[in-house]
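# A closer look at the structure
Next come the chains, spelled out residue by residue.
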Amino acid sequence: MKLALFDLDHTLLPIDSDYEWGKFLCRLGAVDVEAFRRRNDEFFAQYQAGTLDPVEYLEFSPGTLAAFEPQRLAELQQQFMQEVVMPNILPSARAVLQKHLDAGDLVAIVTATNHFVTAPIAKAFGVEHLIAAMPERDAQGRITGKLQGTPTQGEGKIMHTKAWLETMGHTLDSFESVHFYSDSHNDLPLLSIVSHPIATNPNATLSKHAEAKGWALLHLFND
């Protein structure tokens, strides 16, 4: 049995879905455009630099979701998928993922982005298992604006992946091989413990690290 793990943003997608969700809300005028754009840009720069406070960001992002009625959120989610995400699900990414699905590997997307944004994306890729930051919901199922549990970023990806595997009676050692595809040095903790780390569309920091370690390099998009 083999395990294949995929980061999402800039790995399977040539965009950052969380950042694009914010831009989408701004374009529709659904949030205070100037304030949201300024804060969103600050967080994105921190993420790229590896200095992002994941709890602070993950409570900023769901905080915008908490302002909408559930029906309106569902409408926005569908529109976002149609207008932004689907045009960015490219054949090259589908192919590498489908190779593992066709081989019967256990496949999961492991992302720091929140579950509300990423659940329909995982479904569009045909991936059943998604490990993502969970927005807290109240007794009525409404998003509160808080984070449930711990972030799925950095070391958190290891913790949440292990917890997910435990629900099926597995550990990372249960598998003949474990592939992890990621674009970012933020994922070095998980990349460093799998048997097949694959630097996918890597940023400069990860590319340098991967080359030094002799890791596989994969470029899915023609930027």
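Attention here is on the structure that accompanies the text. Note that the structure is a prediction, hence the values are computed from the model and not measured.

## Some details on the overall build of the protein
A count of helices and strands for the protein gives nine helices and seven strands. If you line up the protein on its principal axes, its C-alpha atoms span 45 × 35 × 30 Å. Across the 223 residues of the protein, 50% fall into the buried class. For the protein, the share of sequence-separated contacts (at least 6 apart) that also reach a separation of at least 24 residues comes to 58%.

## Focus: the packing of helix H4 (residues 70–85) against helix H6 (residues 115–125)
At their nearest, the axes of H4 and H6 sit 10 Å apart, and the two run at 50° to each other. Between H4 and H6, the angle falls in the class oblique. For the element pair H4 and H6, the recorded crossing hand is right-handed. Seen from H4, the contacting residues are Leu-73, Gln-77, Phe-80, Met-81 and Val-85; seen from H6, they are Phe-116, Val-117, Pro-120, Ile-121 and Ala-124. A per-class count over the contact of H4 with H6 returns nine nonpolar, one polar and no charged.

## Considerations on the nonpolar core
Counting 47 residues, the largest nonpolar core has Phe-6, Leu-12, Trp-21, Ile-109, Ile-121 and Phe-125 as its most contacted members. At six residues, H4 tops the list of elements feeding residues into this core. Apart from residues no more than four positions distant in its own chain, Ile-121 is found in contact with Leu-8, Leu-13, Ser-17, Met-81 and Val-85. Counting 20 residues, the second-largest nonpolar core is a separate cluster that includes Phe-175, Phe-180, Leu-190 and Leu-206.

## Some thoughts on the sheet that holds strand S1 (residues 2–6)
Taken in spatial order, the seven strands make up an open sheet running S4-S3-S2-S1-S5-S6-S7, and their pairing is mixed. Every interior strand has two partners, whereas the edge strands, strand S4 (143–148) and strand S7 (216–218), have only one. Taken pair by pair, the neighbouring strands of this sheet meet at an average axis angle of 30°, ignoring direction. Sheet topology places strand S5 (residues 177–182) next to strand S6 (residues 196–200); four bridges connect them, and they run parallel. Residue Ser-182 lies in a different strand from S6, and its bridge partner there is Ala-199. Across the sheet, H6 touches strand S2 (106–114), strand S3 (129–137) and S4, and the angle it forms with S3 is around 150°.

## Considerations on the pattern of salt bridges
Applying the stated criterion across every chain, the model contains nine salt bridges. We note a salt bridge from Arg-39 to Glu-56, for which the minimum N-O separation is 2.6 Å. Of this pair, Arg-39 sits in helix H2 (residues 33–49) while Glu-56 is found in helix H3 (residues 54–65), placing the two residues 17 residues apart along the sequence. Taking the relative accessible area as the measure of exposure, Arg-39 reaches 28% and is therefore partly exposed. Within the structure, one salt-bridge network assembled from shared partners comprises Asp-7, Lys-157 and Asp-187.

Conventions used here
Residues numbered from 1 in each chain as written. Predicted model: local features only at pLDDT ≥ 70, side-chain atom pairs only at ≥ 80, totals over all residues. Heavy atoms only, no water. Helix = DSSP H or I, 4+ residues; strand = E, 2+ residues; numbered from the N terminus. Buried < 20%, exposed > 50% of the residue type's maximum accessible area, 1.4 Å probe, protein only. Contact = heavy atoms within 4.5 Å. Axes fitted to C-alpha atoms, helices over the stretch in contact; angles between N-to-C directions. Parallel < 35°, antiparallel > 145°, perpendicular 65-115°, else oblique. Left-handed = near helix turned anticlockwise from the far one by under 90°. Nonpolar A, V, L, I, M, F, W, Y, C, P; charged D, E, K, R; others polar. Core = buried A, V, L, I, M, F, W, Y, C linked by side-chain atoms within 4.5 Å. Pairing = 2+ DSSP bridges. Salt bridge = Lys/Arg side-chain N within 4 Å of Asp/Glu carboxyl O.

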